[in-house]
Amino acid sequence: MKRSRMLAVLVGGIFCVAVMSLYRMLDLMQGSESKRYGEPPGGQVDEDLAHLQQKIDGLERLLSDNNRLVAMLRDTLLQSKASAWKRANNSIDSALGRRGEALPGCRLAKEMKDGVDGVQLLDVYDLLPFDNPDGGPWKQGFEITYKGDEWSEQPLELFLIPHSHNDPGWIKTFDAYYHDQTRHILDNMVVKLSEDNRRKLIWAEISYFSKWWNDIDDQKRAAVKRLVEAGQLELVTGGWVMPDEANSHYFAMLDQLMEGHQWLQKHLGVKPRSGWAIDPFGHSPSMAYLLKGAGLHNMLIQRVHYSIKKHFAQQQTLEFLWRQSWDSSSRSDITCHMMPFYSYDVPHTCGPNPAVCCQFDFQRLPGRRTFCPWKIPPKPITDQNVHERALLLLDQYRQKSRLFRSSVLLVPLGDDFRYVESSEWDVQFNNYQKLFDYFNQHPELHIKARFGTLSDYFQALHRRLSTTRTTLPKLRGDFFSYADRDDHYWTGYFTSRPFYKRLDRKLEATLRYRRSVWLHDTHHDVVFIFMVTVYESSFCVRATEILFSLTLAEMRRSHSDGRLAENFPAREYFQWLTTGRRNLALFQHHDAVAGTEREHVVVDYGTRLFQSILNLHQVLQSSAHWLLLLDKSQYHHDQSKPFLQMDEVISAQDALPQKTTLSLSYEPRSLIIFNPTEQLRTSVISVVVDSPDAQVIDAETGRQMSTQISAVWAEPSRPSTDTFQLSFVAELPPLSLVVYHVTKASSGSTPRVRYTVHRRGNPLDIHTEHFQVSSLQGSEADAPLSLSNKHVQIWSSPETGLLEKLRLQSGLVRKIQVQFLWYGTRTGSRDKSGAYLFLPADEGAQLYISSEPPLVRISRGPIFSDITSHFPHFTHTVRLFHLDGHAGKSLEISNLVDIRSQVNRELVMKIVSDVASGNRFYSDLNGFQMQQRRTLAKLPLQANFYPMTSAVFLQDSTSRLSLLSAQSQGVASLKPGELELVLDRRLQQDDNRGLGQGVTDNKLTASLYHLLLEDRGGGAKEVGGASVDHLSLLAHLASLSLCHPPMTMVATSNSQLLKLRPFQPLHSSLPCDIHLLNLRTLEDTQEADTPSQETALFLHRKGFDCSTAPEPAPQCTWSEHEEVNLDDLFSPLQFQSVRRSGLTLLRADDEPESAQQRHPPRIAQLRPMEISAFRVQMD
Ligand SMILES: [Zn+2]
């Protein structure tokens, strides 16, 4: 087609769409009017006036939409003339990709791929031998030498940084640590810092700090403020916790940072400048990105592989500018200091020799609480020994200083829960002050020494770097996987306590059907469901934040004076939201979501989350209730008799959740579905009903939805006779609440699933009055099992039911075999696997072989079909949805694992494909970005495992295989084309990292995935892939729907009389690559614990793979433009004002007042990969 003709067609098409939408809007309005007039007359003048007012409002909105549409048309026309810019969803030629042309609108992400400079950590991994020779006193390093005149010109400038590492839960619970240790530390801090203004302390965990603040009086608070102002106390990082950087999702990482920063702004009026992360078990650049975005300039990390540390020390690159892999500018650069030695305690921080440094930890003086394992105890500093002691210490400082480019030196002074007793402050501060005084009295030593905060250090560093014109190297990449010594890789914690990584079973109840796994628990004789990942709790917070914010905005709009609805408990709900955020934030701690805490501590976290989720559900239900009511005056709040309920109920925190069975009659029951995503989606919703005949009707349009009835399996071979699973296809507009009516239908009218059941060598005969169940006969029993929909066909083994092959509609066929494996741990006296470490047996993984053939059940229905295999230790299901759009393209894979009978074993799901991926694969970091991984033979097996928070993919020149997950776990690709995913670990022993326990509190644990095979276009040149790559658009969308499933609520049976209207806040989906990360109501600055009119809007523009056009094309659009019109994006929502801020919404990070946008068009620049935060007032 010629360009001009195409243009004509395009513009014509857009015009048609515009006219149609106008027409539909008019239609909708008239429809709602006529319905309203169809009701019994209220007879009140007030009501009529209100209707009139509403009508005028509606017309006004229509007019402004109209104007906007015309403006949009004009824009489109101009842009089309200027370039070949296209509305991608209408114009993508699916052959484009195959012909080797880039995906339209993909320019930005591609440019970023090309701009690579600085050191790439992947290359360092290729380079290093990982040989671990004995380095002498610094065991993992080398001998450091100096001449002695290095500091004659520029003296050594030492900052000794007192710190106390307070885990918000580990061996003890958060509260127990607080009462036993933390509050004493902080109480003493006020006294001891006030005694001498040269003394300093840094503090990181705001969870503890805020708890203590609530306990102290005004006088003490004033003293704390004085210490902060004087620079004696610095709040570093300012997060609620020091988060795990492997298993935590970026939503929760940012949320906990924001919670801390907001607290600091409100109570102390300070903004953190430097990050401090000494204990997370490996470090992610996602954290660096968030810190930079929150306005921090510097950061410090500690737990990095000892060989990397040594290499960086040799190169003097322990201080570097950490840059995001995808960033071709310097925008994301943040100065990072990596601590060089083994640990953050005193023996491993003053210099390379722990036997010497330990003598300068005065808490280890003879007779005190702890001692030096190197057998040389510290001595108190006296006039007699100060010379000798000072020189001994100076030697360590000098050696350490040789590892850095500047002569400014950072030395921490502290450890876990230090400075509890007042006497510890005295011994540390007094002895060091004597040493410092000595140094400062002897200029010939060329050292200037003092106590400092982290920012004191960085300030001096930057000053020194600029006077000496020294630059820091740039670095890209991440610091996984971490080893602290020998072959002790901390790769077990990527999976430890997978059940708790999804939170506690009690919480699981809060979830949704589509993802539920049904089974019969013989101990409780009930059918129950689990499935809450830690993300699901994140996403429960996110969903509630968004719906709550939309509700408040709607209330203000409906009252002309901006009031909220009278009996809606907005203030109480806002407090519940705050508590929910804080409990979620606490769980991001590096011993919480990591699964490396004591058993009772896990239960404590679970209980907190459970309570919060129950509260958040109430907020969701009440918000939905208000939004749905046609006549808002009918809203009435009664906590004991809620109008809506989640469709799963938990009676107590230690009770199993039960899915409500809906009793059906010919009177309709209302189901309300909330779509928490910003995309129009087609979702399969399932509920449990008491009749095999049911129908579902869209309450607004009267349209009958496609349905199917499946059996609820009480046991693998016994279907329940009185409960059934009703599934239907729902069309859910972005962020909408949609109402469906479910009723009983005439007998036999609802399509039922047909079952085939097979067990090799031991045939089954299943009888059920409601379903057709057959078995495989004769040669059928040897032929591969096959399922197909419009997009894909799969084949599975008739013996095991496990997947073997997949074919796309395009003709692409790939071997994709699913297997299961066991890992054992080492034998003999050597260290064994535990909560942190993965130390597999020498023989590696063994294929899972079950004693008897599995029961395989094939179900075929009009909405979905699946194959389920029942093995003794797990149930595995692969499901295909018969949906037209892209939702039908990926396979859903779910596992339910129970390894409670095992000893020292880890269960792995393996995917074996013929994708020629070489030794490369990609796993995500915190759901924020993809990181290339290279499997290296020179490293032990366990070193090649990486964290996978939500996605992994393999690719070659013709295809890409993506696996998206709803939970975090460890992943490896030990051979080309293969992926191993660790499902659960049961380990009887401690692994000597302080926990003092094995991991034996295993639960029945579920995992859920989407598997997506895609053709790869000619844009792909590399075999394994470039060092920077992104998920495809379809993979992004699959991940979005996997992680943010629709939430189902049931109207209580006595509420049928109220008229409900669906709530659709947006006219259309956001662009495919723009994710609404959050819409969070901010606290009123005048009135504490009260929602303000300000909302924080967070948008994440995702980078996506440019090599292939998505097939089938999604309904959302994308463009190459960075500028986005927010008014269009969120139409018909109106923002009164928009002002960009930092990622944690600190006032200090707000754009200047003059940049605030008060009138449309409000244009925002959204760069690919970046998160943008705005302070908005919604109208
Ligand atoms: Zn810690």
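Before going into details, it helps to say that this report is about the structure given with it. Remember, predicted model here, so these are calculated numbers, not experimental data.

Reading the values: rules and limits
- Residues numbered from 1 in each chain as written.
- Predicted model: local features only at pLDDT ≥ 70, side-chain atom pairs only at ≥ 80, totals over all residues.
- Heavy atoms only, no water.
- Helix = DSSP H or I, 4+ residues; strand = E, 2+ residues; numbered from the N terminus.
- Contact = heavy atoms within 4.5 Å.
- Phe/Tyr/Trp six-rings, centres within 6.5 Å; stacked < 30°, edge-to-face > 60°.
- Buried < 20%, exposed > 50% of the residue type's maximum accessible area, 1.4 Å probe, protein only.
- Donors = N, O, S within 2.8 Å, 3.2 Å for Na, K, Ca; no water.
- Disulfide = S-S within 2.5 Å.
- Pairing = 2+ DSSP bridges.
- 1 Å grid on protein atoms, 1.4 Å probe; cavity = no way out; pocket = protein on both sides within 12 Å on 5 of 7 lines; lining within 4 Å.
- Points joined across faces, edges and corners; volume = space filled by probe spheres on them.
- Nonpolar A, V, L, I, M, F, W, Y, C, P; charged D, E, K, R; others polar.
- Salt bridge = Lys/Arg side-chain N within 4 Å of Asp/Glu carboxyl O.

### Considering the overall build of the chain
On a plain count of helices and strands, the chain comes out with 23 helices and 52 strands. Taking as baseline every contact in the chain between residues at least 6 positions apart, the subset at least 24 positions apart corresponds to 76%.

### A short note on the packing of aromatic side chains
Counted according to the given criterion, the structure contains 57 aromatic pairs. Taking 6.3 Å as the distance between ring centres and 90° as the angle between the ring planes, the aromatic pair formed by Phe360 and Phe362 counts as edge-to-face. Arranged with centres 5.1 Å apart and planes meeting at 55°, the rings of Tyr482 and Trp490 form a pair that is tilted. Just as Tyr482 is buried, Trp490 falls in that class too. Three or more aromatic residues link up through ring pairs in this structure, and these residues are Phe360, Phe362, Tyr419, Trp425, Phe429, Tyr432, Phe436 and Phe451.

### Comments concerning the coordination of the zinc ion
Around the zinc ion, the donor atoms from the protein are His165 (NE2), Asp167 (OD), Asp279 (OD) and His590 (NE2), and they sit 2.0 to 2.1 Å away. Site description for the zinc ion: donor spacing in sequence, H-x1-D-x111-D-x310-H. The same class applies to His165 as to Asp167, namely buried.

### Quick look at the state of the cysteines
Summed over the entire model, instances satisfying the criterion amount to three disulfides. For Cys350, the disulfide goes to Cys357, at an S-S distance of 2.0 Å. Because the sign of the S-S torsion sets the handedness, a value of about -85° for the bond joining Cys350 and Cys357 places this disulfide among the left-handed ones. Grouping residues by exposure puts Cys350 and Cys357 together as buried. Shown here is the disulfide that connects Cys358 with Cys372, its sulfur atoms set 2.0 Å apart. With the S-S bond torsion at -105°, the cross-link from Cys358 to Cys372 turns out left-handed. A residue pair is termed long-range when its members are at least 10 positions apart, and Cys358 in the loop between α13 (354-357) and α14 (386-401) and Cys372 in the loop between α13 and α14 qualify at 14 residues. Here the two residues Cys358 and Cys372 agree in accessibility, since each one is buried.

### Quick look at the pairing of strand β2 (residues 156-165)
Extensive coverage of β2 is indicated by the burial of 10 of its 10 residues. Burial along β2 is two-sided: the face carrying Leu156, Leu158, Leu160, Pro162 and Ser164 and the face carrying Glu157, Phe159, Ile161, His163 and His165 are both buried. Sheet topology places β2 next to strand β10 (residues 447-451); five bridges connect them, and they run parallel. Across the sheet, residue Leu156 finds its bridge partner in β10, namely Ile447. In the sheet, β2 pairs with strand β9 (residues 408-416) via nine bridges, with the strands oriented parallel. By the bridge assignment for β9, Ser164 is matched with Asp415.

### Brief notes about empty space enclosed by the protein
In this structure, the largest cavity occupies an estimated 270 Å³ of space. Around the largest cavity sit 22 residues that line it, and Gly927, Leu1031, His1036, Ser1039 and Lys1102 are the ones nearest its centre. Broken down by secondary-structure element, the contributors of at least two residues to the lining of the largest cavity are β39 (929-934) and α22 (1033-1043). By residue number, the principal contributor to the lining of the largest cavity is α22, which donates four residues. Looking at the lining of the largest cavity residue by residue, the class counts come to nine nonpolar, 11 polar and two charged. Of the voids in this model, the second largest cavity is the one considered here, and its volume is about 110 Å³. Along the walls of the second largest cavity sit 14 residues, with Leu122, Tyr125, Phe480, Arg933 and Tyr946 positioned nearest its centre.

### A word on the pattern of salt bridges
Across all of its chains, the model carries 62 salt bridges by this definition. The residue Lys266 makes a salt bridge to Glu1083 at a minimum N-O spacing of 2.8 Å. On the criterion of sequence distance, the pair formed by Lys266 in helix α10 (residues 250-267) and Glu1083 in strand β47 (residues 1074-1083) is long-range, its members being 817 residues apart. On the basis of relative accessible area, Lys266 is assigned to the partly exposed category, the value being 42%. The exposure class assigned to Glu1083 is partly exposed, which follows from its relative accessible area of 27%. A salt bridge links Arg1175 to Glu1094; the nearest nitrogen and oxygen atoms lie 3.0 Å apart. On the criterion of sequence distance, the pair formed by Arg1175 in strand β52 (residues 1171-1178) and Glu1094 in strand β48 (residues 1091-1101) is long-range, its members being 81 residues apart.

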